[in-house]
Amino acid sequence: MQIPTDADARDAVSAALLAELRSHIPAGRVLTNGPEYARAVALFNAAVDVRPSVVVRCATTADVQAGVRASRGHGVPLSVRGGGHDFWGRAFRPGGLVLDLTDMREVRIDSNNRCATLGGGALSSDVVSAAERVGLTAVTGTAGAVGMVGLTLGGGYGPLIGQFGLAADNLLGAEVVLADGSRVNTDAEHHPDLFWALRGGGGNFGVVTSARIRLHPVPTVVSGTILYPIAQSAGILADLGGIHQDSPDELTVDVGFLPGPDGKPTVYVAPTWSGDLEVGNAENGPVRALARLGTPVLAEVGPVARSAALAATDAMFPPGRMGAIRTRTVQSVSSSVATVLDRAAQEFTSPFSAIVWHQFHGAATRPPLGSTAFGRREPHLMVELISLWEGSEGKDNAGGGGGRSPHLRWLEELHAALEPFSLPGGYVNFLGPETPDQIANSYGPNTQRLLAVKSAVDPDSLFAATPLPISTADAGSTPV
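Values in this document were obtained by computation on a predicted structure and should not be read as measured data.

1. Some words on helix α13 (residues 406-418)
Given a rise of 1.5 Å per residue, 13 residues ought to cover 18 Å, and the 18 Å separating the end C-alpha atoms of α13 matches this to within 8%. Turning to α13, its buried residues are His 407, Trp 410, Leu 411, Leu 414, His 415 and Leu 418. Viewed end-on, α13 has its buried residues packed into an arc of 125 degrees, placing them on one side of the element.

Here it is as structure tokens:
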């Protein structure tokens, strides 16, 4: 008699899983191979080599519910794909079942109440473009290709942060499929603990199949790009430190280092003025003053639709390159921090890499720390450390340094060099397993409440999105 092997058991589970999925979902949307599968597993970061066993192209909340129940019933790891922009590739789990929400991109605008209801797979550009048609906009990050729900659940820094807060602060409600396959609607009055956790706690509590967000009457901003030679960085960064400290809510300024048009590193200044356009665009106004901090090699600022601003960032960082990301949080760019960043910029290993710090100020600082799960409310700068390279280049340069490519060595050395000047924790959308010390401190005094909600709604940890701290005590349970 032939003894069944582990492979036989896996095949039986796989066949039973597929049969269950296809009994609820059209077979053409349950993918295990072929061209449609290949397209479905292509992510923004080409360095991600994780492959799921099955992709479910969800079209309805019922599809999501069927996928959640099948995953749980057959013991198959579950993940959710929204925009697919996460550097860590957390849209997929090895050998798992992925709920692909990219067909759930509908955006409905309620202009009277200044809000939008969007599908779980809607991109930031989808929402902003739809809102612009009626003179409104959404609070997003800087890129249009990022999934709106994923951005929001992790917090959502962006160019409107001073005026309107984080993307998470503008979440009004959500439809969520929980770990048992049930569907709930949550907002400030319904399942309030779950709603609290969704605003900053990431996609760790269920599948958000739709979200309702607040909109604002700012379809056009004064924005653009200013580049200075890196030789001027000390003076430029010192001046920008004062500007960050004193800037009004309407002015948010992203700063960093990027390779310039000639390949040499430059100081990058990206202002966004979300107040009165005449004030923002005035020759002697606060935006154009940023082009007079030194002698720029490029200064292009003016009124621009928010959709165009998002598209410009997407063009700077197209999909298909290999990459990795780290983050630090600093109170300010002191002379010591500036020295570390300047040195790293002069040692860029690729013409596609970048260092950018995002301002956290104004409206984002005003909610009490415990009002949402987001773990930090005092003014600060979130530093984004991005290493990007072409695939063949990364392959050619791999080796040495314990097998790490020079691009990863550059990134990790910069991340380590910033540690002495950094605040505890970090922005969870950019944290991965390599940084357990930052994960442990990412939610501060909100940690135990967040873990209690996790224990209540997903005790078996079916959902694993952005990292959560490890509990140091029994989180207990909480109503949701």
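Alright, that's what it looks like, and here's the rest.
2. Here we look at the packing of helix α4 (residues 124-132) against helix α10 (residues 306-316)
In contact at an axis separation of 9 Å, α4 and α10 are set at 160 degrees when each is read in the N-to-C sense. The orientation of α4 with respect to α10, classified from their angle, is roughly antiparallel. The two elements α4 and α10 cross, and the hand of that crossing is left-handed. Across the interface between the two elements, Ser 124, Ser 125, Val 128, Ser 129 and Glu 132 from α4 touch Arg 306, Ser 307 and Leu 310 from α10.

3. Notes on the environment of Val 55
As for its position among the elements, Val 55 is in strand β2 (residues 54-57). Overall, Val 55 belongs to the buried group, its relative accessible area being 1%. In this structure, the C-alpha to C-alpha distance between Val 55 and Ala 38, residues 17 residues apart in sequence, is 10.0 Å. Ignoring anything within four residues of it in the chain, the contact list for Val 55 reads Arg 29, Val 30, Leu 31, Tyr 37, Ala 40, Val 41, Val 98 and Asp 100.

4. Quick word on the sheet that holds strand β16 (residues 354-360)
Pairing in this open sheet of seven strands is antiparallel, and the strands run β14-β11-β13-β12-β16-β17-β15 from one edge to the other. Unpaired on one side and paired on the other, β14 (298-305) and β15 (322-330) mark the two borders of the sheet. Strand-to-strand, the axes of this sheet are offset by a mean angle of 15 degrees, without reference to chain direction. Summarising the sheet, β16 and strand β17 (residues 380-389) pair through seven bridges and their orientation is antiparallel. Note that in β17 the partner of His 358 across the bridge is Met 382. Strands in contact with α10 are β11 (220-229), β12 (251-259), β13 (265-273) and β14; relative to β14, the strand with the most contacts, it is inclined by about 135 degrees.

5. Points about the sheet that holds strand β1 (residues 30-31)
Spatially, the four strands line up as an open sheet ordered β1-β2-β4-β3, and their pairing is mixed. For this open sheet the edge positions go to β1 and β3 (78-81), each flanked by a neighbour on one side alone. Judged from the two bridges that link them, β1 and β2 form a sheet pairing that is antiparallel. Within the sheet, the bridge partner assigned to Val 30 lies in β2 and is Val 56.

6. A few points about the packing of aromatic side chains
Scanning the entire structure with this criterion turns up eight aromatic pairs. Their ring planes at 65 degrees and their centres at 6.0 Å tell us that Tyr 157 and Phe 374 sit as a pair that is edge-to-face. Pair noted here: Tyr 157 is in the loop between α5 (148-154) and α6 (161-164) and Phe 374 is in the loop between β16 and β17, with a separation of 217 residues, a long-range link. Using a relative accessible area of 6% as the deciding quantity, one classes Phe 374 as buried. Grouped by ring-pair contacts, the aromatic residues Tyr 157, Phe 360, Phe 374, Tyr 427 and Phe 430 constitute a single cluster. Here the basic side chain of Arg 321 rests over the ring of Phe 352, its NZ or CZ set 3.7 Å away from the ring centre. Taking NZ or CZ as reference, Arg 449 lies 4.1 Å from the ring centre of Trp 196, over its face.

7. Considerations on unusual backbone geometry
Most of the time, phi is negative for any residue but glycine, and the peptide bond is trans. Of note in the backbone geometry, Arg 114 takes a positive phi value of approximately 50 degrees without being a glycine. Assignment of secondary structure puts Arg 114 in the loop between β5 (107-110) and β6 (115-119). A residue is classified by how much of its surface remains accessible, and Arg 114, at 42% relative accessible area, is partly exposed.

8. Observations concerning the pattern of salt bridges
Applying the stated criterion to the full structure yields 18 salt bridges. Measuring nitrogen to oxygen at the nearest pair gives 3.7 Å for the salt bridge that ties Glu 390 to Arg 321. Of this pair, Glu 390 sits in the loop between β17 and α12 (391-397) while Arg 321 sits in the loop between α10 and β15, and the two are 69 residues apart along the sequence. Using a relative accessible area of 32% as the deciding quantity, one classes Glu 390 as partly exposed. On the basis of relative accessible area, Arg 321 is assigned to the buried category, the value being 15%. Via salt bridges that share partners, Glu 36, Arg 39, Arg 57, Asp 100 and Asp 103 belong to a single interconnected network.

Parameters at a glance
- Residues numbered from 1 in each chain as written.
- Predicted model: local features only at pLDDT ≥ 70, side-chain atom pairs only at ≥ 80, totals over all residues.
- Heavy atoms only, no water.
- Helix = DSSP H or I, 4+ residues; strand = E, 2+ residues; numbered from the N terminus.
- Expected span 1.5 Å × (residues − 1).
- Buried < 20%, exposed > 50% of the residue type's maximum accessible area, 1.4 Å probe, protein only.
- Arc of directions from axis to C-beta.
- Axes fitted to C-alpha atoms, helices over the stretch in contact; angles between N-to-C directions.
- Parallel < 35°, antiparallel > 145°, perpendicular 65-115°, else oblique.
- Left-handed = near helix turned anticlockwise from the far one by under 90°.
- Contact = heavy atoms within 4.5 Å.
- Pairing = 2+ DSSP bridges.
- Phe/Tyr/Trp six-rings, centres within 6.5 Å; stacked < 30°, edge-to-face > 60°.
- Lys NZ or Arg CZ within 6 Å of the ring centre and 35° of its normal.
- Salt bridge = Lys/Arg side-chain N within 4 Å of Asp/Glu carboxyl O.

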